[in-house]
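Secondary and tertiary structure notes
Residues per chain, in single letters:
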Amino acid sequence: MPDLPQSAQALFRIWRGDSNGGAFQDYKTPIDSGMVVLDAVHRIQAEQAPDLAVRWNCKAGKCGSCSAEINGMPRLMCMTRLSELNLDMPVLIEPMHAFPSIRDLVTDVSWNFRVKKTIKRFQPRLPDEPDGTWRMQQVDVDRVQEFRKCIECFLCQDVCHVLREHHKHEEFIGPRFLVYAAALEMHPLDTVDRVPDLKKKHNIGYCNITTCCRQVCPESITITENAIIPLKERVVDAFFDPLKKFFHIL
Amino acid sequence: MAEYQTYPYDVLVIGAGGAGLRAAIEAAASGVKVGVVCKSLLGKAHTVMAEGGVAAALANVDDRDNWRVHFSDTMRGGQYLNNWRMAELHAKEAPARVRELEAWGALFDRTQDGRILQRNFGGHRYPRLAHVGDRTGLEMIRTLQDHGIHTGMEVHMECTVLSLLIDDGRIAGAFGYDREKGHFIHWPAKAVVLATGGIGRAFKITSNSWEYTGDGHALAYQAGAELVDMEFVQFHPTGMVWPISVRGILVTEGVRGEGGVLRNSEGKRFMFDDIPDLYKAQTADSEEEGWRYTQGDKNARRPPELLTRDHVARCINREVKAGRGSPHGGVFLDIAWIKQHIPNSAEHIKRKLPSMYHQFKQLAEIDITKEPMEVGPTTHYMMGGVRVDGDTQMSTLPGLFAAGEVGAGLHGANRLGGNSLSDLIVFGKRAGEYAAIFAKQHPEPATDPNQIQASVDAALAPFTRGAEGENPYQIQYELQDKMQALVGIVRVESEMAEALEVIGRLRERADRAGVAGHRQYNNGWHTALDLGNMLTVSEAITRAALLRKESRGAQFRDDFPNKDPEWGKFNNVIRRGPDGEMIVEQMPIPPLPPELKAVIEEMK
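The model shown is predicted, which means the values in this text are computed figures rather than measured ones.

Along its length, chain A carries 10 helices and seven strands. Along the three orthogonal principal directions, the C-alpha set of chain A runs to about 75 × 45 × 30 Å. Within the span of chain A, comprising 250 residues, buried residues form 44% of the whole. When contacts within chain A are restricted to residue pairs at least 6 apart in sequence, those whose partners lie at least 24 apart make up 62%.

Okay, here's the thing in structure tokens:
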């Protein structure tokens, strides 16, 4: 990786404000090689704007707290290296658009936590063995482990047009919770049927698989192909059986 | 009188990592009203960072394993300063706690016959760590979170506790504020469980997130509870060293468990040069034997890279100081070399260590399947904490419980990898269980408005001083620099005495810290309020380390480089004196009961 000159600086255009509105403010700060966007935000906070609000935790792409929109793209600030951005232009940093603003880069994501509670919980089958344990093959576990990599950064929710454009938060659970439902439905031990809920309560039909969510997932979960489409197929199997319909008409 | 909201509970749990969630689940299951307060959003606590696995003697991979081996491994790792009752309970109960996670939906990696797979880790005699690739902590916290939200517990996200409230010598709840709005909140409670994690942010190079400011340690101390073993700070041998902005981020021990080796700039596997006597019999003689061990050969002994963390960290430190380090001041950790043994090794590495692969690829532009990593020690874990009863996890303050990293005793002078995640669920459960019993047996405590007012006044003082006050970030940076330099991996009396002076000066500056703006999500204000806790914890670490005139486990003193058998009979206890001064004194370790002594002898 090329080392940056000692005196390198970059301009960051950060949205400051709250639920009543706000504006972009420019901050120039020195940058070093290997720096990520969150480092720059921290430096600005420590040296120029102590009350700049930013949510972060692990700084290693594992907790999913520092979600924001960088040059218009939903991303984790801790995993976005300055070296992949064009620093001849100001770096634009905004909060996620699909959620209400609290302050500066921090949004109110509490809706997500309420939604999760509405999805029926995991219920395992009876244990396979007398000692109360189960037997599962790695290959069956692999499929669900992909979904369980989710760090709940909610970037997929942010980019989903059903939520972002159409504000269907009360009717539609969004890609994150379709992945969550898929993890439960495909869990080798689970016994609950969530398919009726997915159709009627969670409105999986609103998703028209534009794959925007999959493209922004920092964990590279194949949200649409591996989670949402198989769930849609289950819904179709349960509710739109053409033979059943045929007999119904007769 | 300041305005505040009130949410009363039977049991209040502070912290929502593995220990806090497990405690809350247990308390809620017994029918009491449970509140959980956490500094971050639910599911973001530091437990998500845990990588390698959860230690439990399930004996799925090696049927020679059982609780007695796990117990003696834990005691040996802790250099026998452990609370032996906790080490016993932990070894006995960890398997049931891990199986319970599976019943709640956790999906661990599997053995060929479909059981929970276990991997090798430093200091564990047999493959013992149940795991999910290298993201075991995420699996655990998500399982507890998704189970917990259906148990009736109420969660207060993004809230910070400022003080514990006391009524006539017992706990009466907590007082704090929500970070989003800056509103004050009063949580009256009959019992309180501290599950606040560690103290890593007191040091400059750390694997810990911003939350780890020692809140629980300081809150307990201020409320009059005792702390113990505070000199024992674990420096994990392998953190990232480059780029600077990611320095300290953890590189899991799992890399070495899967066959990764440490080399210096001369290409030498330096760990073979320094194997402590206590571990000679269990350590491989040759590189070839070490490799066989990592691949599951039951007749092979472990490679020296898998010695205890304190020892590996010091060896790396020594190589770097001797000028045999890597370009950015670490040493080389190489997993790519296994291509000599394993066909299609790149795929194998990506499957076994997916987050390590991505972490290095994305943050350092290094492909670990092709080239070595650069690693060095990073402040990782606090063995010391609130002194608790081994069975109930109650502190010396009635009604105040502690579990997980903020509680002390299980790990003694040094923690084994994997014993932290098991600590969370074993003692989280116990703390929740006994806190609920305590709450059922005691009446509502009374609230003292003066305690609340004092908390409010202290919290608002930085606004009164405003932007002209000291910059809280700069005070924090200076503390981190000095603790790293003066009370780090290698300690000496003169430097620690200097550290105490620095801490005193920084405390005066912290008392003058000021912030501008308002209380809504104001990170500057939050930092100003964290400073007091970090300073208290730093002072406790330094004073305990000064008193212990020997080297043992995580504490290495250049002026007392040897282990002193006399010191093996004591823990250091810290409490607040009548005039607010910090008192540190030796406390004799109760003798091991004969049956546990026999277990240790048997396993030697």
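Our focus in this paragraph is the interface of chain B and chain A. Taken together, the contact between chain B and chain A spans 47 residues of the former and 49 residues of the latter. Of all the secondary structure elements, the ones that give two or more residues to the side of chain B that touches chain A are α3 (84-103), α4 (136-148), α11 (354-364) and α16 (523-547) of chain B. In the side of chain B that touches chain A, the residues fall into 19 nonpolar, 15 polar and 13 charged.

Attention shifts here to the packing of helix α6 (residues 174-185) of chain A against helix α9 (residues 223-239) of chain A. All names here are of chain A. Where α6 contacts α9, the two axes come as close as 9 Å, and the packing angle between them is 70°. Here α9 runs roughly perpendicular to α6, going by the angle between their axes. Classified by chirality, the crossing of α9 by α6 is left-handed. Residues Pro175, Leu178, Val179, Ala181, Ala182 and Glu185 of α6 pack against Ile223, Ala227, Ile228, Pro230 and Leu231 of α9.

Let's shift gears to the domain arrangement of chain A. Residue and element names in this part refer to chain A. Each domain of chain A was delimited in the assignment, giving domain 1 (9-107) and domain 2 (110-242). Each of domain 1 and domain 2 has a C-alpha centre, and these two points are 30 Å apart. Every contact between the two is made by 12 residues of domain 1 and, on the other side, 13 residues of domain 2. Looking at the side of domain 1 that touches domain 2 residue by residue, the classes come out as seven nonpolar, four polar and one charged.

Residue and element names in this part refer to chain B. Across its 13 residues, helix α9 (residues 309-321) extends 18 Å between first and last C-alpha, which sits within 8% of the 18 Å expected from 1.5 Å per residue. Taken together, the buried positions of α9 are Arg309, Asp310, His311, Val312, Ala313, Cys315, Ile316, Asn317 and Glu319. Here the buried face of α9 lies against β12 (233-240), β14 (331-334) and β15 (373-382). The first or second residue beyond α9 is Gly323, which carries a positive phi of 85°.

With that settled, the discussion passes to unusual backbone geometry. Of the consecutive residues Trp242 of chain B and Pro243 of chain B, the connecting peptide bond is found in the cis state with omega at -5°. With respect to the helices and strands, Pro243 of chain B occurs in the loop between β12 and α6 (254-257). Residue Thr211 of chain A is not a glycine yet carries a positive backbone phi of 65°. Checked against the element boundaries, Thr211 of chain A lands in the loop between α7 (195-200) and α8 (212-216). Since 13 C-beta atoms lie within 10 Å of it, Thr211 of chain A is described here as partly exposed.

About the thresholds
Residues numbered from 1 in each chain as written. Chains lettered and ligands numbered in written order. Predicted model: local features only at pLDDT ≥ 70, side-chain atom pairs only at ≥ 80, totals over all residues. Helix = DSSP H or I, 4+ residues; strand = E, 2+ residues; numbered from the N terminus. Buried ≥ 20, exposed ≤ 12 C-beta atoms within 10 Å, placed from the backbone. Contact = placed C-beta atoms within 7 Å. Nonpolar A, V, L, I, M, F, W, Y, C, P; charged D, E, K, R; others polar. Axes fitted to C-alpha atoms, helices over the stretch in contact; angles between N-to-C directions. Parallel < 35°, antiparallel > 145°, perpendicular 65-115°, else oblique. Left-handed = near helix turned anticlockwise from the far one by under 90°. Domains from an automatic or database assignment. Expected span 1.5 Å × (residues − 1).

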